[in-house]
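Structural description and commentary
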Amino acid sequence: MKLLEELAQSLERGDSQAAADSTRGAIELGLPAQRILDDGLIAGMAVVGRRFKAHEIFLPDVLLAAKAMYAGLALLKPLMIEQAVATQGKVVIGTVQGDLHDIGKNLVGIMLEGAGFEVLDLGTDVAPETFVDTAVREGARIIGLSALLTTTMPVMRKVVEAVEKRGLRPEIRVIVGGAPLSAAYAAEIGASAYCFDGISAVETVREMLGVER
Amino acid sequence: MRPILRLLDGELRERIISEGRDLVCNLGVEIHNQRAVSLLVDHGARFDAARGRVFLTQESIDTALASAAGSFTLYDSHGDDAVHLGGDAVNFVPGSSAIAILDSATGESRSPTSADYVRYARLCSAMRHIASQSTAMVPSDVHERISDSYRLYLSLMTCEKPVITGTFSSEAFAIMRDLLVTIRGSREALAGKPLAVFTCCPLSPLKWSDVTSQNLLDCAAHSIPVEIVPMPLAGFTAPVTLVGTLVQHTAEALSGLVMSQLANPGTPVLYGGSSAVFDVRYETTPMGDVGTMMIACACNEIGKALGLPTQAYIGLSDAKLLDAQAGLESSMGATLAALSGINSISGPGMLDFESCFSLEKLVLDNEICGMTGRLVDGVVAKEDFPSRRRFEELLAEQHLLISDHTRRYLREEIYFPGPTINRANLARWAEEGSSTLGARAAAEVVRLLGEYEPTRLDHDTRQELKARMERAAAAHGMDRLPVIE
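Everything quoted here is computed from the prediction, not taken from an experiment.

1. Examining the overall build of chain A
Counting secondary structure elements, chain A contains nine helices and five strands. Traced from its N-terminal end to its C-terminal end, chain A shows the element sequence α-α-α-α-β-α-β-α-β-α-β-α-β-α. With the C-alpha coordinates aligned to their principal axes, the bounding extent of chain A is approximately 50 × 35 × 30 Å. Restricting the contact set of chain A to residue pairs at least 6 apart, pairs at least 24 apart contribute 72%.

2. Considering the overall build of chain B
Counting secondary structure elements, chain B contains 17 helices and 20 strands. In summary, chain B has a C-alpha radius of gyration of 23 Å against a globular reference of 23 Å for 485 residues, a match within 12%. For chain B, the spread of C-alpha atoms along the three principal axes comes to 80 × 60 × 50 Å. Contacts in chain B between residues at least 24 apart in sequence constitute 73% of all its contacts with a sequence separation of at least 6. For chain B, the exposed area adds up to about 20,100 Å²; of that, 54% sits on carbon and sulfur atoms. A distance of 3 Å separates the average location of the 43 positive side-chain charges in chain B from that of its 60 negative side-chain charges.

3. Some words on the domain arrangement of chain A
Much of the literature gives interface size as the accessible area that the parts lose upon coming together. Residues and elements named next belong to chain A. According to the domain assignment, chain A contains domain 1 (2-82) and domain 2 (90-209). Summing both sides of the interface, domain 1 and domain 2 together bury roughly 870 Å²; the carbon and sulfur share of this comes to 76%. For the interface between domain 1 and domain 2, the tally reads one salt bridge. Among the salt bridges present, the one from Lys53 reaches Glu203, with a minimum N-O distance of 2.9 Å. Linking domain 1 with domain 2 are two residue pairs in polar contact (both at pLDDT 80 or more).

4. Comments concerning the confidence of the model for chain A
For residues with low pLDDT, the predicted coordinates do not support detailed interpretation. In this model, chain A carries a mean pLDDT of 94, and residues with pLDDT of at least 70 account for 99%. Ranking the elements of chain A by mean pLDDT puts helix α5 (residues 103-114) of chain A last, at 90, and strand β3 (residues 142-146) of chain A first, at 98.

5. Some details on unusual backbone geometry
Trans peptide bonds make up the majority, and among non-glycine residues the majority have a negative phi. Following Arg169 of chain A, the chain continues into Pro170 of chain A via a peptide bond in cis, with omega recorded as 5 degrees. Within the secondary structure layout, Pro170 of chain A lies in the loop between α7 (154-165) and β4 (173-177). Following Ser204 of chain B, the chain continues into Pro205 of chain B via a peptide bond in cis, with omega recorded as 5 degrees. Among the secondary structure elements, Pro205 of chain B is positioned in the loop between β11 (196-200) and β12 (207-208). Phi at Ser223 of chain B takes a positive value of approximately 55 degrees, unusual for a residue other than glycine. Note that Ser223 of chain B resides in the loop between α8 (210-221) and β13 (226-228). A positive phi is found at Glu283 of chain B, a non-glycine position, where the angle reads about 60 degrees. Position of Glu283 of chain B among the secondary structure elements: in the loop between β16 (276-277) and α10 (290-305).

6. Some remarks on the pattern of salt bridges
All names here are of chain B. Following the criterion strictly, the structure yields 41 salt bridges over all chains and no others. Across the pair Asp218 and Arg35 runs a salt bridge whose closest N-O atoms are separated by 4.0 Å. Taken together, the positions of Asp218 in helix α8 and Arg35 in helix α2 (residues 34-42) put the pair 183 residues apart, joining distant regions of the chain. Its relative accessible area of 14% is what places Asp218 among the buried residues. Glu470 is paired through a salt bridge with Lys466; the nearest N and O atoms lie 3.1 Å apart. In this pair, Glu470 and Lys466 are both assigned in helix α17 (residues 459-474), four residues apart and thus about one turn of the helix distant.

7. Concerning the packing of aromatic side chains
All names here are of chain B. Summed over all chains, the structure comprises six aromatic pairs over all chains. A ring pair is formed by Tyr117 and Tyr120, whose centres lie 5.4 Å apart and whose planes are at 75 degrees; its orientation type is edge-to-face. Of this pair, Tyr117 and Tyr120 both sit in helix α4 (residues 114-125), three residues apart, roughly one helical turn. Take Tyr117: its relative accessible area is 0%, and that puts it in the buried class. Residue classification places Tyr120 among the buried residues on the basis of a relative accessible area of 0%. Summarising the aromatic geometry, the rings of Phe236 and Phe278 are spaced 4.5 Å apart at their centres and angled 40 degrees between planes, so their arrangement reads as tilted.

8. Some remarks on the packing of α8 of chain B against helix α9 (residues 242-263) of chain B
Residue and element names in this part refer to chain B. As a packed pair, α8 and α9 sit with axes 8 Å apart at the nearest point and diverge in direction by 35 degrees. Here the hand of the crossing between α8 and α9 comes out right-handed. Between α8 and α9, the contacting residues are Leu216, Leu217 and Ala220 on the first element and Gly256, Met259, Ser260 and Ala263 on the second. A breakdown of the residues in the contact of α8 with α9 according to their chemical character gives five nonpolar, two polar and no charged.

9. Considering helix α6 (residues 128-138) of chain A
Residue and element names in this part refer to chain A. For α6, the set of buried residues is Pro128, Phe131, Val132, Thr134 and Ala135. An end-on view of α6 places all buried positions within 165 degrees of arc, on one side of the element. Buried positions along α6 lie against β1 (90-95), β3 and α7. Directly beyond the C-terminal end of α6, a positive phi value near 75 degrees is found at Gly139.

10. Some remarks on the sheet that holds strand β19 (residues 350-351) of chain B
Residue and element names in this part refer to chain B. Strand order in the open sheet formed by four strands is β8-β7-β20-β19, with mixed pairing between adjacent strands. With partners counted over all chains shown, the strands left at the sheet margins are β8 (108-110) and β19, one partner each. Relative to β8, strand β7 (residues 100-103) runs antiparallel, the two being bridged by three bridges. Counted as the bridge partner of Leu102 is Ser109 from β8.

11. Details of the sheet that holds strand β17 (residues 311-313) of chain B
All names here are of chain B. Across the sheet, which stays open at both edges, the three strands sit in the order β6-β18-β17 with parallel pairing between neighbours. Two strands bound the open sheet, and with one partner strand each, they are β6 (91-93) and β17. Here the strands of the sheet are splayed against their neighbours by 20 degrees on average, with no regard to which way each runs. Strand direction decides the pairing type here: β6 and strand β18 (residues 344-346), joined by three bridges, are parallel. Bridge pairing in β18 links Phe92 to Ile345.

12. Description of a nonpolar patch on the surface
Residue and element names in this part refer to chain B. A cluster of nonpolar side chains, Leu7, Val290, Met294, Leu328 and Met332, forms an exposed patch at the surface whose accessible area comes to about 410 Å². When contributions to the nonpolar patch are tallied by element, the ones reaching two or more residues are α10 and α11 (324-340). Relative to the helices and strands, Met294 is located in helix α10.

13. Examining the interface of chain A and chain B
In this complex, chain A contributes 15 residues to the contact, which on the side of chain B involves 12 residues. Together chain A and chain B conceal approximately 1,300 Å² of surface at their shared face, both sides included; 68% is due to carbon and sulfur atoms. When the buried area of chain A at its contact with chain B is split by residue, Phe58, Pro60 and Phe196 of chain A rank highest and sum to 43% of it. A salt bridge links Arg428 of chain B to Asp197 of chain A, with the shortest nitrogen-to-oxygen separation between them at 3.4 Å. Applying the counting criterion to the chain A and chain B interface returns three residue pairs in polar contact (both at pLDDT 80 or more). Grouping the amino acids of the side of chain A that touches chain B by side-chain chemistry returns nine nonpolar, one polar and five charged.

Reading the values: rules and limits
- Residues numbered from 1 in each chain as written.
- Chains lettered and ligands numbered in written order.
- Predicted model: local features only at pLDDT ≥ 70, side-chain atom pairs only at ≥ 80, totals over all residues.
- Heavy atoms only, no water.
- Helix = DSSP H or I, 4+ residues; strand = E, 2+ residues; numbered from the N terminus.
- Contact = heavy atoms within 4.5 Å.
- Rg over C-alpha atoms; globule rule 2.2 N^0.38 Å.
- Areas by Shrake-Rupley, 256 points an atom, 1.4 Å probe, with all protein chains shown as cover.
- Lys, Arg positive; Asp, Glu negative; His and termini not counted.
- Charge placed at Lys NZ, Arg CZ, Asp CG, Glu CD.
- Domains from an automatic or database assignment.
- Buried area = accessible area lost by both parts, 1.4 Å probe.
- Salt bridge = Lys/Arg side-chain N within 4 Å of Asp/Glu carboxyl O.
- Polar contact = N/O pair within 3.5 Å; in protein donor to acceptor, adjacent residues only side chain to side chain.
- pLDDT = per-residue confidence, 0-100.
- Buried < 20%, exposed > 50% of the residue type's maximum accessible area, 1.4 Å probe, protein only.
- Phe/Tyr/Trp six-rings, centres within 6.5 Å; stacked < 30°, edge-to-face > 60°.
- Axes fitted to C-alpha atoms, helices over the stretch in contact; angles between N-to-C directions.
- Left-handed = near helix turned anticlockwise from the far one by under 90°.
- Nonpolar A, V, L, I, M, F, W, Y, C, P; charged D, E, K, R; others polar.
- Arc of directions from axis to C-beta.
- Pairing = 2+ DSSP bridges.
- Patch = residues over 30% accessible without salt bridge, like charges linked within 9 Å, V, L, I, M, F, W, Y side chains within 5 Å.

Structure representation (C-alpha cells):
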C-alpha cells in the first residue's frame with residue numbers, strides 16, 4: 001500500500017515529520033496496527049539496516065531513521081495496546097554494574113527496536129539481580145549485557161550465574177557485547193552469544209527467537 | 001592553513017638553481033637532434049660540433065622561464081575542466097609504461113595484453129581520487145612500433161580522463177596527435193583544451209636523444225603540454241648527494257624547458273622528474289627509497305621557485321606483490337608528495353621499479369590518494385566557534401551523532417575509505433571471511449569493472465579513432481587490432 005511505502009521511505013530519509021504524518025494517515029484509514037508496524041515502520045528500518053550493513057549509509061542515518069520510527073511508534077502505541085499487537089519479542093538490555101558507558105548499549109537498543117523487538121532498557125550500572133528480575137517479570141527471553149571496561153566485564157559472569165541459579169536456562173539467554181569482549185570470553189563465562197555490533201545483535205536475537213527476516 | 005612540507009631553505013634552493021644554470025651554460029648539453037640544436041643556436045647558444053654539446057645562454061633560460069605558463073588546465077575527452085596544474089594543487093595519475101602486469105589470479109607478473117589495458121582504463125574511470133589516466137602499460141599483443149599510439153587509442157576509447165602519455169618513436173607522434181585532434185575536432189581546439197601531456201625524458205647526464213628532443217619540439221609546435229622528466233641516479237649517473245643530484249636535475253630540466261619555449265613560447269610545461277637514488281647492492285633504482293622521495297619533493301620546490309607547475313614519479317613501490325612494502329612505500333611517497341604540493345603525482349598502481357602494474361594496487365592507492373587529499377585540506381574551523389553551544393548540545397544529548405553540525409560536515413571532515421580498507425572490528429572482520437587486503441582489492445576491482453559506464457564519445461568519433469588506429473597498425477603488418485570483449 002502506497003501510504004505504508006511512504007511511511008517506510010520516510011524512515012529511510014530520516015524524516016520524523018513525514019513518518020508521523022504517514023502513521024497518522026494510516027491510523028485514520030483504519031489500517032490494523034500490526035500492518036502499520038510490519039509494513040511501514042519495521043519494513044523501513046529493515047531497509048535502513050541492510051543499507052547500513054552494506055556501508056551505503058552511516059550510523060547517523062540509522063539514528064535519524066530510528067528517530068523517525070519513534071515518531072511513528074508514539075502515535076501507534078495506543079492502537080497496538082488496544083489491538084493487543086504482539087512485538088517480535090522482548091529483550092532486556094543494560095550496562096553492567098560499575099560501568100556507566102552506554103553509547104554501544106543504546107545503539108543496540110535502537111537497532112533492536114528498529115527490527116521490531118520490544119526493548120526494556122535498564123540503563124547503566126545495573127545489578128545482576130535487576131537484569132534477571134526484569135526478564136522474569138516482563139517475560140523477556142533475552143538479556144543483553146554491555147560493558148566497556150575490562151574491570152566490569154566479570155560482572156557479566158555474575159548475571160549468567162544468577163540466571164542459572166534460578167533455573168532459568170535455557171529459557172532465558174544472556175548475550176554480551178562491548179569493546180573489550182570477544183566470542184572466546186563470552187563462551188568462557190557461559191553466555192549464549194557474543195555480538196560485535198548492533199547489526200549482529202539484531203541477527204543474534206532474531207535467530208534465538210526464531211524470527212524470520 | 002594548507003599544510004606544506006619544505007626540504008630546502010631559500011638559500012640552498014637558489015644555489016642549486018644557480019649551479020644548474022651554470023651547468024647548461026658552461027658544461028653544455030649533449031643533444032642528438034639537429035633541429036633542436038639549430039633552434040638553440042639560432043637563439044644564441046654555442047654549439048661544439050666535435051663534442052656534440054650545446055651551451056645555452058643565461059638569457060635563453062630567463063626568456064624560457066618568462067614565457068612558460070605558471071599553471072594550466074587539462075580537460076577530459078568530453079571537454080570538461082578536469083585537472084588544474086598549478087599552485088599547490090595536488091592531482092594523482094597512475095604510473096606509466098609498465099611492461100608487466102601483476103596477474104591477481106596467478107600472483108605472477110606477465111606481459112600485459114590489450115584486454116588488460118582496457119580493464120585498467122575502465123578501472124581508472126572509477127578512481128575517485130585519481131584525476132588523470134596514464135598510458136600505464138605497454139600492450140604486448142600489438143606490433144611494438146604502434147604500442148605507444150595503441151595504448152593512447154585504448155585509453156581514449158575507454159576512459160574520459162585526461163591522459164599522461166608519451167611516444168617511443170618520432171613517427172608515433174603524428175598518430176597520437178591525430179587521435180587527440182579527432183576527439184577535439186581541430187588542432188586549435190586541442191591547443192585550447194589540452195587533453196594529454198606527453199612525457200619527455202632527457203638522459204643522464206645532460207643528454208637529449210633524437211626521439212625525445214623531437215617529441216619535445218613536436219609537442220611545442222602543437223601547444224601540447226609536456227612534462228620534462230629528468231632521471232639522474234644519485235651515486236651512479238649523478239652525484240651521490242641529494243644536492244648534487246638536484247643540481248643535475250635542474251640543469252636537465254632547464255635544457256628541456258628552453259627547447260620547448262624557444263620552439264613555441266607558452267607551451268605548457270610541467271617541471272617533472274623521476275630521479276632516484278641508485279641501490280649499489282642490487283643495481284636497482286628504488287622508487288620507494290626515502291632519498292628518492294626527498295629528491296622528488298625538493299625538485300618540486302625548485303620547479304615552483306622557477307614559476308612552473310610540477311610533476312614527479314612518487315608514491316609507487318618497488319615491491320613485487322601487493323604486500324606491506326607496497327603499502328608502506330606508496331603511502332609514504334604519496335603523503336610527502338601531497339604535502340609538498342606536487343601538482344601531478346605519477347605513481348598509483350605501480351610496483352617493481354615502475355615496471356609492473358597492478359589493478360589491485362591501483363584500487364588501494366586510490367584510497368591512499370583520498371587520504372592525502374584529506375590531509376592537505378588541513379584543519380579548518382567549520383562553525384566551531386563559539387564552541388559552548390555545541391558542547392551544551394553534547395552534554396544534553398550525550399552524543400552528537402545526529403546533530404545538524406555532524407550531518408553538515410561528516411563526509412567533508414572525515415574521510416571514509418572504500419571497502420579495500422578494513423575498518424570492521426575483529427569479530428565482524430572474521431565473520432565476513434577474514435579477508436586479506438589483496439582479496440578485498442581484487443573484489444573491489446571486480447565490483448568497479450562491473451559498474452563501468454562507457455565514455456560519452458559519439459559513434460562517429462569512435463569510428464574515426466578506430467580507423468586511424470587500424471591504418472597505423474596496417475602500416476606495420478597488422479591487418480586487424482586485437483578483439484576485446
